[in-house]
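Each chain, written out:
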Amino acid sequence: MSPTRRTTRRSLARRRVPRAAALALLLATATACANDVPKFDWSNGLLPEGVTEQAKVVQHLWNGAWIAALATGAVVIVLIVWAAIFHRKRKGKAELPPQVRYNLPIEILYTVVPLVMVSVFFFFTARDSKALTEVAGDAPVKVKVEAYQWSWRFTTTYNGKTTQPVSGMPVHDYHQGPQLVLPTNTKVEFDLSTDDVIHSFWVPEFLFKRDIIPGIPEGNPGRKFEIKTLGDDRVGVYAGRCAELCGVDHSRMLFSVKLVKQAEFDQYIATQAGSAQ
Ligand SMILES: [Cu+2]
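An account of the accompanying structure is given in this report. (Residues numbered from 1 in each chain as written. Predicted model: local features only at pLDDT ≥ 70, side-chain atom pairs only at ≥ 80, totals over all residues. Heavy atoms only, no water.)

## Describing the coordination of the copper ion
Protein coordination at the copper ion comes from H199 (ND1), C242 (SG), C246 (SG) and M253 (SD), with a distance range of 2.1 to 2.6 Å. One can describe the site at the copper ion as tetrahedral: its 4 donor atoms subtend angles covering 92 to 124 degrees at the metal. Here the donor residues for the copper ion map to a single chain with the spacing H-x42-C-x3-C-x6-M. Residue C242 is found in strand β10 (residues 236–242), and its partner M253 is found in the loop between β10 and β11 (254–260); the two are separated by 11 residues along the sequence. With relative accessibility at 5%, the residue C242 sits in the buried group. (Donors = N, O, S within 2.8 Å, 3.2 Å for Na, K, Ca; no water. Tetrahedral: all angles 85-135°; square planar, octahedral: opposite > 155°, others 65-115°. Helix = DSSP H or I, 4+ residues; strand = E, 2+ residues; numbered from the N terminus. Buried < 20%, exposed > 50% of the residue type's maximum accessible area, 1.4 Å probe, protein only.)

Below is the structure:
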């Protein structure tokens, strides 16, 4: 190696070390800041633990898809290794092994197997999307969600009472954003609207997000979705965010969902209700 080369290499290394250190520091601080990252573990396939009945459907679909994908991957890897080991060119033999082309049964297999796989994925995805987007309209709690650059306004109607709208401003911490209070064990209907740009309503623990598109008229089923919250063991405050890049403060368009027991919710409605409907 020439001396010049060595110097270049050394100076490159000298430059890289501080860069790596800076990156490590950035990663460490980024992780420390991310207080709204939901808890997740391998038992849920790295999804956060759901707080709605609908989240169970998503979790089930997710698990099934991973099992199918891993099983397919395993079969493919075994076939590749098997072909590489048992069908390699024999030592000392100059000619190629028999070249197989247009083997009809194998061609049919190549076509039919992926078709079956895609159809199975499609069937379960279509079945679950239908269940997840169904709006029966009989939810006792109705929430009007208005998204704007860059926060949210929530208005809740329950038992003929409507709360004063809760609206927020762009924030760094979801605890400081507007808070939506919901009861456990209850069906909730959301009606999403916006007057400016496309936003997306996302609570990671719902395992669901829905785009909010301007111009969709009131009453259109495309603006609505329903959830049924799970029981009292899911009581807590969950982060919510906008999941559609909607402008300069998009990342600060945070809110929270507070899941409370029925009695606490009744109290909340009683104190927050501005007008009887
Ligand atoms: Cu947004």
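## A few points about the side chain of Q54
As for its placement among the helices and strands, Q54 is situated in helix α2 (residues 53–86). Overall, Q54 belongs to the buried group, its relative accessible area being 19%. In terms of polar contacts, Q54 uses its side chain to reach the backbone amide nitrogen of K228, at 2.8 Å. Excluding residues within four positions of it along the chain, Q54 makes contact with L132, E226, I227 and K228. (Polar contact = N/O pair within 3.5 Å; in protein donor to acceptor, adjacent residues only side chain to side chain. Contact = heavy atoms within 4.5 Å.)

## Observations regarding the sheet that holds strand β7 (residues 199–203)
Taken in spatial order, the 5 strands of this open sheet run β5-β11-β10-β7-β8, and their pairing is mixed. Both outer strands of the open sheet, β5 (179–183) and β8 (208–212), are each paired with one neighbouring strand and no more. Between one strand axis and the next, the sheet turns through 25 degrees on average, direction left out of account. Of the strand pairs in this sheet, β5 and β11 are connected by 5 bridges, and their pairing is parallel. By the bridge assignment, Q179 is partnered in β11 with S256. Against the sheet, helix α4 (residues 262–272) makes contact with β5 and β11, and its axis sits at roughly 130 degrees relative to β5, the strand it touches most. (Pairing = 2+ DSSP bridges. Axes fitted to C-alpha atoms, helices over the stretch in contact; angles between N-to-C directions.)

## Considering unusual backbone geometry
When glycine is set aside, most residues are seen to have a negative phi, and most peptide bonds are trans. Each neighbour pair has its own omega, and for Q149 with W150 the value is 5 degrees, a cis peptide bond. You can see W150 is positioned in the loop between β1 (141–148) and β2 (151–158). Phi is positive for N159, close to 55 degrees, though the residue is something other than glycine. Tracing the sequence through the fold places N159 in the loop between β2 and β3 (161–163). Under the relative-accessibility criterion, N159 is labelled exposed at 65%. Its identity as a non-glycine residue notwithstanding, N185 has a phi of 55 degrees, on the positive side. Looking at the element boundaries, N185 is found in the loop between β5 and β6 (187–194). We classify N185 as partly exposed; its relative accessible area is 48%.

## Some points on the pairing of β6
The buried count for β6 comes to 7 of 8 residues, which makes it a mostly enclosed element. Where β1 and β6 come together, 7 bridges link them in parallel fashion. When the sheet's bridge partners are listed, K144 is paired in β6 with D191. Summarising the sheet, β6 and strand β9 (residues 224–228) pair through 5 bridges and their orientation is antiparallel. What sits directly across from D191, in β9, is K224.

## Focus: the packing of aromatic side chains
Inspection of every chain in the model, using the stated rule, returns 14 aromatic pairs. Measuring from ring centre to ring centre gives 5.1 Å for F123 and F124, while their planes differ by 75 degrees; the resulting arrangement is edge-to-face. Measuring from centroid to centroid gives 4.7 Å for F208 and F225, while their planes differ by 40 degrees, and the two rings are tilted. Of this pair, F208 sits in strand β8 while F225 sits in strand β9, and the two are 17 residues apart along the sequence. Each member of the pair F208 and F225 is classed as buried. Through pairs of rings, three or more aromatic residues link up here, namely W152, F154, F190, F201, F206, F208, F225 and F255. Positioned above the aromatic ring of W202, the side-chain terminus of K209 is 4.6 Å from the ring centre. (Phe/Tyr/Trp six-rings, centres within 6.5 Å; stacked < 30°, edge-to-face > 60°. Lys NZ or Arg CZ within 6 Å of the ring centre and 35° of its normal.)

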